[in-house]
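Reading the structure
Listed below, chain by chain, are the residues.
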Amino acid sequence: LAKTTQPISMDSYEGQEVNITCSHNNIATNDYITWYQQFPSQGPRFIIQGYKTKVTNEVASLFIPADRKSSTLSLPRVSLSDTAVYYCLGGRGAGNTPLVFGKGTRLSVIA
Amino acid sequence: DVKVTQSSRYLVKRTGEKVFLECVQDMDHENMFWYRQDPGLGLRLIYFSYDVKMKEKGDIPEGYSVSREKKERFSLILESASTNQTSMYLCASSSVTLGGQYEQYFGPGTRLTVT
């Protein structure tokens, strides 16, 4: 069963850059790496997705090394509103199941 | 905007009751998913469906069943609710999977309490 591993929690001050790393040792050749963000009392929402190297959008950057066994979500200059749980998806369950959510990283941004 | 709606935000049921959780999406997505979310365990996949009348088991299907009679609607059924099914239930939909390059759109969730 493919799993992802990421830190349980992280703290950061406002204005800092935050990097959250996820390991996905068994990622399949064709699969993309995806990150979601979840605020309290809401469903997760898609942040960013990539296959290799670097992807950047208006919210975050995603760095993926050549071996694709890990990825790093980078949030530039975080604010209090970035306090949320961040999930990495980079592996599948048994059989034909879709990509599996990990346990997530709870990011707390402090003023 | 993609909309995924769930029939209830909060639900309280008694042990042994049959419970229906409804999910509707308005983007003509082929794929629909049901997850449960518990503290410290992240999101765990219960069932998913790639097409109408098709269903596949996820990681924790025991005690649950699903129904997909129409493309836009995916129902989760607890045949006989138990207290260990007290949880947040999240529905999601996505377009066709291509090597994992898809985005799931989530509903707001239903917090189910079984007493």
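Look up: the structure comes first, before these words.
Scope of this entry: the structure provided in the associated data block. Remember, it's a predicted structure, so these values are computed and weren't measured experimentally.

Calculation rules
- Residues numbered from 1 in each chain as written.
- Chains lettered and ligands numbered in written order.
- Predicted model: local features only at pLDDT ≥ 70, side-chain atom pairs only at ≥ 80, totals over all residues.
- Heavy atoms only, no water.
- Helix = DSSP H or I, 4+ residues; strand = E, 2+ residues; numbered from the N terminus.
- Buried < 20%, exposed > 50% of the residue type's maximum accessible area, 1.4 Å probe, protein only.
- Lys, Arg positive; Asp, Glu negative; His and termini not counted.
- Salt bridge = Lys/Arg side-chain N within 4 Å of Asp/Glu carboxyl O.
- Polar contact = N/O pair within 3.5 Å; in protein donor to acceptor, adjacent residues only side chain to side chain.
- Contact = heavy atoms within 4.5 Å.
- Core = buried A, V, L, I, M, F, W, Y, C linked by side-chain atoms within 4.5 Å.
- Disulfide = S-S within 2.5 Å.
- Nonpolar A, V, L, I, M, F, W, Y, C, P; charged D, E, K, R; others polar.
- Pairing = 2+ DSSP bridges.
- Axes fitted to C-alpha atoms, helices over the stretch in contact; angles between N-to-C directions.

Some thoughts on the side chain of Arg68(B)
Residue and element names in this part refer to chain B.
- Mapping Arg68 onto the fold places it in strand E7 (residues 64-70).
- Within the buried core, Arg68 has no salt-bridge partner, and the shortest N-O distance to an opposite charge, that of Asp51, equals 5.8 Å.
- Looking at Arg68, its side chain comes within polar contact range of the side chain of Ser49, at 3.0 Å.
- In contact with Arg68, not counting residues within four places along its chain, are Gln25, His29, Glu30, Asn31, Met32, Ser49, Tyr50, Asp51, Val52, Lys53, Arg73 and Phe74.

Details of the nonpolar core
- Trp34(B), Ile46(B), Leu76(B), Leu78(B) and Tyr89(B) are the most contacted members of the largest nonpolar core, which totals 20 residues.
- Those elements that provide at least two residues to this core are strand E3 (19-25), strand E4 (31-38), strand E5 (42-49), E7, strand E8 (73-78), strand E9 (87-94) and strand E11 (110-114) of chain B.
- Apart from the residues lying within four places of it in its own chain, the contact partners of Tyr89(B) are Gln6(B), Leu21(B), Trp34(B), Tyr35(B), Arg36(B), Ile46(B), Tyr64(B), Leu76(B), Leu78(B), Gly109(B), Thr110(B) and Leu112(B).
- In this structure, Val18(A), Ile48(A), Leu73(A) and Leu75(A) belong to the second largest nonpolar core, which totals 19 residues.

Looking at the state of the cysteines
- Under the defined criterion, the tally for this structure stands at two disulfides over all chains.
- A disulfide bridge connects Cys22(A) with Cys88(A), and the sulfur atoms are separated by 2.2 Å. Measuring handedness by torsion sign, the sulfur bridge of Cys22(A) and Cys88(A) sits at about -75° and is left-handed. Linking Cys22(A) in strand E2 (residues 18-23) with Cys88(A) in strand E8 (residues 84-92), this pair joins segments that are 66 residues apart in sequence. Neither Cys22(A) nor Cys88(A) differs from the other in exposure class; each is buried.
- Through a disulfide, Cys23(B) is tied to Cys91(B); the S-S separation comes to 1.8 Å. Taking the sign of the S-S torsion, -80° for the link of Cys23(B) and Cys91(B), the bridge is left-handed. Of this pair, Cys23(B) sits in strand E3 while Cys91(B) sits in strand E9; the two residues are 68 residues apart in sequence, bridging distant segments of the chain. Comparing Cys23(B) with Cys91(B) shows no difference in burial state: the two are buried.

Things to note about the interface of chain B and chain A
- Contacts between the two partners involve 25 residues from chain B, matched on the other side by 23 residues from chain A.
- On the surface where chain B and chain A come into contact, there are zero salt bridges.
- For the pair chain B and chain A, the interface holds four residue pairs in polar contact (both at pLDDT 80 or more).
- Of all elements in the fold, only E4, E5 and strand E6 (56-57) of chain B reach the threshold of two or more residues within the side of chain B that touches chain A.
- When residues in the side of chain B that touches chain A are grouped by element, the largest group, four residues, is from E5(B).
- Looking at the side of chain B that touches chain A residue by residue, the classes come out as 11 nonpolar, nine polar and five charged.

Structural notes on the environment of Gln25(B)
Residue and element names in this part refer to chain B.
- In this fold, Gln25 is placed in strand E3.
- Put simply, Gln25 and Ser94 are 69 residues apart on the chain and 9.5 Å apart in space, counted from C-alpha to C-alpha.
- Apart from residues lying up to four places away in sequence, Gln25 is in contact with Lys3, Val4, Met32, Arg68, Lys71, Glu72 and Ser93.
- Only 3.2 Å separates the side chain of Gln25 from the backbone nitrogen of Asp28, close enough to count as a polar contact.

Focus: the sheet that holds E3(B)
Residues and elements named next belong to chain B.
- If you trace the four strands from one edge of the open sheet to the other, you get E1-E3-E8-E7, paired in antiparallel fashion. Both outer strands of the open sheet, strand E1 (4-6) and E7, are each paired with one neighbouring strand and no more. Adjacent strand axes in the sheet meet at a mean angle of 20° when their direction is disregarded.
- In terms of strand pairing, E7 meets E8 through five bridges, oriented antiparallel. Of the residues in E8, the one forming a bridge with Ser65 is Ile77.

Purely geometric numbers; function is a separate question.
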